[in-house]
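The chain contents come next:
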Amino acid sequence: MRFTHIFTLSVLSATMMANAVLAKQTEADVYYYDLSDQFVANLANCIKAESLRKGIKVKEFNAAGDQLTQSTQMEEDPKTGATLLVNLVDPAQADQVVEKAKKNSQRVIFFNREPSSTVLESYDDAWYVGADPVQAGDYQAELVIDYIRTHPEIDRNKDGKISIVFLKGEKNHQETASRTQAVIRELEQNKIAYEITFESYTNWSFNQGYDYMAAQLTQKGIDKTELLIGNNDSLILGAIQALADYGYNQGNPQKVIPAFGIDAIPEALTAITAGNMSGTVLNDASAMAKAILGIAAAESKDPEEIEKSIGYFISDDHRVLIPYIKVSHRGTK
Ligand code: GAL
């Protein structure tokens with residue numbers, strides 16, 4: 001009895017100490033890799049809205065795709081002890097950020113661009129919020145394969161295989177590689193007869209998607225384009241814009257080249273509703289913002305406590321992966 005009493009007391013005081021370690025966080029500095037990226041710009045809006053709800057004052061920095069700019073922004077920021085929310089330009093720089101956070105006893109939450117587990121494990125107040133790119137690729141493949149099986153007319157030039165234009169994101173970005181590999185693996189495993197007629201890295205960007213597709217169409221015509229797959233929506237929307245110049249994907253159901261992206265940004269949802277795009281996978285920016293600000297607001301460093309308050313599983317290496325959701329003209333799944 002007495003033992004239980006002492007035990008309960010010591011557990012209680014240990015918990016109280018853990019909770020007492022951190023004062024309530026009221027400020028966060030958020031470093032974006034590039035606010036001209038459409039998905040990241042949406043995420044920034046969600047982070048703004050969620051920070052207001054949580055009563056956390058957020059200061060925003062935009063590195064515009066340049067790591068040196070981002071490192072300088074972080075160095076010049078006065079040491080207020082604010083929580084660091086970091087969307088790295090170069091994920092290999094994560095260790096430098098963790099060193100700085102450790103020195104100033106700041107919490108650091110990386111998001112969207114993934115640091116290595118070794119870096120995350122090197123500091124008990126470093127976290128990551130993102131999503132599993134293999135799941136995105138798997139879901140995209142399911143949408144594509146379902147479309148191919150229900151639309152035999154997709155093989156417009158009747159050569160027995162589907163000519164795919166594959167638009168990839170950023171070179172050396174883990175999501176580019178994992179999403180691409182997952183789709184290709186699924187096409188192979190499902191014995192889909194296909195050839196990739198053109199592929200290119202188009203840096204997640206509408207303009208680069210447009211330029212690349214327009215150049216291919218000018219040089220090679222439209223016959224070798226029967227299906228578009230992209231690592232994200234922006235570059236697929238750019239490619240659709242190029243198809244519009246040939247009268248495709250403009251609302252005429254007889255003239256559609258199926259196109260599949262990832263992110264479910266509002267512009268893609270509009271294109272799907274209009275019948276100009278066939279499917280996407282929701283990269284849930286709003287849930288990510290809730291998880292990021294949830295961790296920022298937590299007064300404890302204990303993963304179990306934080307897990308309870310944010311409602312998402314946290315892995316041993318402090319990662320929160322928000323599930324993707326398939327989106328097609330039939331709705332979400
Ligand atoms: C991905 C997203 C892309 C791009 C990229 C930037 O998760 O799907 O559209 O924003 O992040 O790191």
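It should be emphasised that the depicted structure is a prediction, and the values quoted were computed from it without experimental measurement.

A separate point is the domain arrangement of the protein. As far as domains go, the protein holds domain 1 (2-131 + 284-322) and domain 2 (134-282). Taken together, the 10 residues of domain 1 in the interface contact 12 residues of domain 2. Each partner contributes to the roughly 900 Å² buried at the junction of domain 1 and domain 2, and carbon and sulfur atoms together form 36% of this total. At the boundary of domain 1 and domain 2, one finds 1 salt bridge. When grouped by side-chain class, the residues that make up the side of domain 1 that touches domain 2 number 3 nonpolar, 3 polar and 4 charged.

To continue, consider the packing of helix 6 (residues 133-150) against helix 7 (residues 174-189). Each pair of packed helices can be summarised by the angle the axes make with each other and by the distance between the axes. One way to put it is that helix 6 packs onto helix 7 with a least axis distance of 7 Å and a crossing angle of 40°. The two elements helix 6 and helix 7 cross, and the hand of that crossing is right-handed. Along its contact with helix 6, which presents Pro133, Val134, Ala136, Gly137, Asp138, Gln140, Ala141, Val144 and Ile145, the element helix 7 presents Gln174, Glu175, Ser178, Arg179, Ala182, Val183, Arg185, Glu186 and Leu187. Among the residues making up the contact of helix 6 with helix 7, the classes are represented as 9 nonpolar, 4 polar and 5 charged.

Right, let's talk about the nonpolar core for a bit. Judged by nonpolar contacts, the single largest core of 80 residues is most densely connected at Phe111, Val129, Leu227, Leu228 and Met277. At 10 residues, helix 11 (residues 285-297) tops the list of elements feeding residues into this core. Of the residues that make up this core, three or more belong to each of domain 1 (2-131 + 284-322) and domain 2 (134-282). The next biggest cluster of nonpolar side chains, apart from the first, holds 17 residues, and it includes Leu88, Val97, Val98 and Tyr128.

Moving on: the site of the ligand. Taken together, 13 residues sit near the ligand, with Asp37, Asn112, Glu175, Asn232 and Asp263 positioned nearest. Between an oxygen atom of the ligand and a side-chain N or O atom of Asn112, the distance comes to 2.8 Å. Measuring from an oxygen atom of the ligand, one finds a side-chain N or O atom of His173 at 3.1 Å. If the ligand stood free it would expose 310 Å²; the protein chains cover 99% of that surface. In this structure the site holding the ligand corresponds to the largest cavity.

What counts and what doesn't
- Residues numbered from 1 in each chain as written.
- Predicted model: local features only at pLDDT ≥ 70, side-chain atom pairs only at ≥ 80, totals over all residues.
- Heavy atoms only, no water.
- Domains from an automatic or database assignment.
- Contact = heavy atoms within 4.5 Å.
- Buried area = accessible area lost by both parts, 1.4 Å probe.
- Salt bridge = Lys/Arg side-chain N within 4 Å of Asp/Glu carboxyl O.
- Nonpolar A, V, L, I, M, F, W, Y, C, P; charged D, E, K, R; others polar.
- Axes fitted to C-alpha atoms, helices over the stretch in contact; angles between N-to-C directions.
- Helix = DSSP H or I, 4+ residues; strand = E, 2+ residues; numbered from the N terminus.
- Left-handed = near helix turned anticlockwise from the far one by under 90°.
- Core = buried A, V, L, I, M, F, W, Y, C linked by side-chain atoms within 4.5 Å.
- Buried < 20%, exposed > 50% of the residue type's maximum accessible area, 1.4 Å probe, protein only.
- Near = heavy atom within 4 Å.
- Polar contact = N/O pair within 3.5 Å; in protein donor to acceptor, adjacent residues only side chain to side chain.
- Areas by Shrake-Rupley, 256 points an atom, 1.4 Å probe, with all protein chains shown as cover.
- 1 Å grid on protein atoms, 1.4 Å probe; cavity = no way out; pocket = protein on both sides within 12 Å on 5 of 7 lines; lining within 4 Å.
- Sits in = over half its atoms within 2 Å of the grid points.

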